[in-house]
Amino acid sequence: MSKAAGADPGRPFLRVDVLTIFPGIFESPLRESLLGKAIAAGVLEVAVHDIREHSDDPHRKVDDYAFGGGPGMVMAPGPIVAAAEALGEGPRRVVLLSPAGRRLDQPMVRGLAVAGRLVLICGRYEGVDERVAEVLGAEEVSIGDYVLAGGELAALVVLEAVSRLVPGVLGNEASLAAESFEGEGLLDHPHYTRPREFRGLAVPDVLLSGNHAAIAEWRRRAAMEKTRRNRPDLLA
Ligand code: ADE
């Protein structure tokens, strides 16, 4: 369910529930910088839940051997599904962080930012029992083609990327349109600030010219050049 700006006074634009066996990983990232400010301002609400609280094992075990054999343990479906169901009913998008998921990109981030409510599930061990995604209607999302030790850092990546798009979080929404992966599909152009010369490298003259059309044209060319160099796949 999406929420329009100002639609629901007193309620955050986005509520995120995180399910993890390492809640401590989220403590400082949720306190600092952009996420910390958004939460303090009340436009973003994040609750972190320990999956182990929903284990019915006396040792709070949440994993088990893989059917079919093979190395490593698999996260059992029971505790994760119980943790998700304890959040109650209501419309939400459920995301299971996994290197086997669909790769996160800015269009996906834009979609998640207007969901109103998100549940992020962090897997560990060799993987998560396949039935978790089926039972919870979860989308599997990967943050890139490499393998982390678990989904926690991936969930923080999703959380930060999504939060930047929540109205009132950035404070400078104009800068959003120009940056990489927005607008024309090019990488962002290079940026410069003072001093005008640093270690023998001067800021391009055109940026000091005050000629806005010339500056826009230089930035467009420089963005194109940077994209060709760093991400030729975006131009193909
Ligand atoms: N868990 C482990 N590796 C991951 C990745 N690349 N993306 C999302 N979750 C993960």
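Predicted model, so just to flag it, every value in this text is computed and none were measured. (Residues numbered from 1 in each chain as written. Predicted model: local features only at pLDDT ≥ 70, side-chain atom pairs only at ≥ 80, totals over all residues. Heavy atoms only, no water.)

Taken together, the buried positions of helix α2 (residues 33–41) are occupied by Leu34, Leu35, Gly36 and Ala38. Lining the buried residues of α2 we find α1 (27–31), β2 (44–50) and α6 (152–163). A positive phi of about 85° marks Gly42, the residue just after α2. (Buried < 20%, exposed > 50% of the residue type's maximum accessible area, 1.4 Å probe, protein only. Helix = DSSP H or I, 4+ residues; strand = E, 2+ residues; numbered from the N terminus. Contact = heavy atoms within 4.5 Å.)

So, on to the environment of Val147. Along the chain, Val147 turns up in the loop between β8 (139–142) and α6. Judged by its relative accessible area of 69%, Val147 falls in the exposed class.

In this section: the site of the ligand. The ligand sits among 13 residues. The nearest are Ser98, Ile143, Gly144, Tyr146 and Leu148. Tyr146 is positioned with one of its backbone polar atoms (N or O) 2.8 Å from a nitrogen atom of the ligand. Out of a free accessible area of 260 Å², the ligand has 97% covered by protein chains. When contributions to the shell around the ligand are tallied by element, the ones reaching two or more residues are β5 (93–103) and β8. For the shell around the ligand, the element with the most residues is β5, which contributes 3 residues. (Near = heavy atom within 4 Å. Polar contact = N/O pair within 3.5 Å; in protein donor to acceptor, adjacent residues only side chain to side chain. Areas by Shrake-Rupley, 256 points an atom, 1.4 Å probe, with all protein chains shown as cover.)

Taken in spatial order, the 5 strands line up as β2-β1-β6-β5-β8 in an open sheet, and their pairing is parallel. The open sheet has two edge strands, β2 and β8, and neither has a second partner. With direction set aside, neighbouring strand axes in the sheet form an average angle of 30°. Across the sheet, helix α4 (residues 106–113) touches β1 (14–20), β5, β6 (117–122) and β8, and the angle it forms with β5 is around 165°. (Pairing = 2+ DSSP bridges. Axes fitted to C-alpha atoms, helices over the stretch in contact; angles between N-to-C directions.)

β1 sits mainly inside the fold: 6 of its 7 residues count as buried. As defined by bridge partners, β1 adjoins β6 across 5 bridges and the pair is classed as parallel. Within β6, the residue paired with Arg15 across the bridge is Arg117.

Our next topic: the pattern of salt bridges. Under the definition given, this model contains 15 salt bridges. Residue Arg131 is joined to Asp129 by a salt bridge in which the shortest nitrogen-to-oxygen separation is 2.6 Å. Note on Arg131: relative accessible area 46%, which makes it partly exposed. Judged by relative accessible area, which is 15%, Asp129 ranks as buried. With its nearest N and O atoms 3.0 Å apart, the salt bridge here joins Glu217 to Arg221. One end of the pair, Glu217, and the other, Arg221, are both in helix α8 (residues 212–230), 4 residues apart, so they sit about a helical turn from each other. Residue Glu217 is classed as partly exposed on the basis of its relative accessible area of 32%. Judged by relative accessible area, which is 55%, Arg221 ranks as exposed. (Salt bridge = Lys/Arg side-chain N within 4 Å of Asp/Glu carboxyl O.)

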